[in-house]
Amino acid sequence: MIFLVKSSDKVTVYQVNFSLGKDVRIQCDCPAGVFGKICKHKIGLLLGEVGLLADSNQADFLMECIKKLDGSDILKVLNELNEGERQLSKIKKICEVKKKSLEKLLQGK
Ligand SMILES: [Zn+2]
C-alpha cells in the first residue's frame, strides 16, 4: 500500500510504501528515507498522523495498516523512541531554564 505524504515545503509529495506481508517493510522515497534510514514520514505515519497524508481519503486505510502492526517490534521500538524523545525534550527544557539562570547570575542579577 502506497501512501502519499506532504513534505515540509507542502509542495513535494513523497511515497511511503507499507508492505505488510510476512516480512514487514516500510519504505519512503524522501531524501532522508530512501536508503532505509528512518524519516519523519515513516515515523509520522506509524504514529497515525493522518495530517501528513496528501490524500485524506487514505486516513482510514492508514489506521487499518497500523492496527496490523499491533504487538510488533516496530510499534514497540517506536514507542521506546517516542519515550526517549519525550525525555529528551524535558531535559532540553531544564537546560534552557538553567542557561537563563546562569545568564542572570553572570550579569549580577
Ligand atoms: Zn520520508
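Residues numbered from 1 in each chain as written. Predicted model: local features only at pLDDT ≥ 70, side-chain atom pairs only at ≥ 80, totals over all residues.

Draft legend 1. Up close: the overall build of the chain. Helices and strands together make up the secondary structure of the chain, namely 3 helices and 3 strands. Counting from the amino terminus, the chain carries its helices and strands in the arrangement β-β-β-α-α-α. Along the three orthogonal principal directions, the C-alpha set of the chain runs to about 65 × 35 × 25 Å. Here the chain holds 109 residues, and 13% of them are scored as buried. The long-range fraction of contacts in the chain, counting pairs at least 24 apart against all pairs at least 6 apart in sequence, stands at 38%. (Helix = DSSP H or I, 4+ residues; strand = E, 2+ residues; numbered from the N terminus. Buried ≥ 20, exposed ≤ 12 C-beta atoms within 10 Å, placed from the backbone. Contact = placed C-beta atoms within 7 Å.)

Draft legend 2. Just the pairing of strand S1 (residues 2–6), in detail. Burial along S1 is one-sided: the face carrying Phe3 and Val5 is buried and the face carrying Ile2, Leu4 and Lys6 is not. Across 5 bridges, the pairing between S1 and strand S2 (residues 13–20) is antiparallel. Residue Val5 lies in a different strand from S2, and its bridge partner there is Tyr14. A loop of 6 residues connects S1 with S2, the two strands running antiparallel in sequence, and Lys10 in this loop sits at a positive phi of about 65°. (Pairing = 2+ DSSP bridges.)

Draft legend 3. Representation of the domain arrangement of the chain within the structure. If you check the domain split of the chain, you get domain 1 (1–69) and domain 2 (71–109). Summarising the inter-unit geometry, the C-alpha centres of domain 1 and domain 2 are found 27 Å apart. (Domains from an automatic or database assignment.)

Draft legend 4. Region of the structure containing the confidence of the model for the chain. On average, residues of the chain score 94 in pLDDT, and 100% of them are at 70 or above. Predicted confidence in the chain is weakest over strand S3 (residues 24–28), with a mean pLDDT of 94, and strongest over helix H3 (residues 73–106), with 96. (pLDDT = per-residue confidence, 0-100.)

Draft legend 5. Examining the environment of Arg86 more closely. Tracing the sequence through the fold places Arg86 in helix H3. By the C-beta count within 10 Å, which is 10 here, Arg86 ends up exposed. For the pair Arg86 and Asp9, spaced 77 residues apart in the sequence, the C-alpha separation amounts to 25 Å.

Draft legend 6. Just the sheet that holds S3, in detail. Spatially, 3 strands are ordered S1-S2-S3 in an open sheet, and the strand pairing comes out antiparallel. The open sheet has two edge strands, S1 and S3, and neither has a second partner. Each neighbouring strand pair of the sheet contributes to a mean axis angle of 20°, computed without reference to strand direction. In terms of strand pairing, S2 meets S3 through 5 bridges, oriented antiparallel. Across the sheet, the residue bridging to Phe18 is Ile26, located in S3. (Axes fitted to C-alpha atoms, helices over the stretch in contact; angles between N-to-C directions.)

Draft legend 7. Representation of the environment of Leu52. Along the chain, Leu52 falls in the loop between helix H1 (40–46) and helix H2 (59–68). Sequence separation between Leu52 and Gly84 is 32 residues, and the spatial gap between their C-alpha atoms is 22 Å. Not counting residues up to four positions away in its chain, the partners in contact with Leu52 are Val5, Lys6, His41, Gly44 and Leu45.

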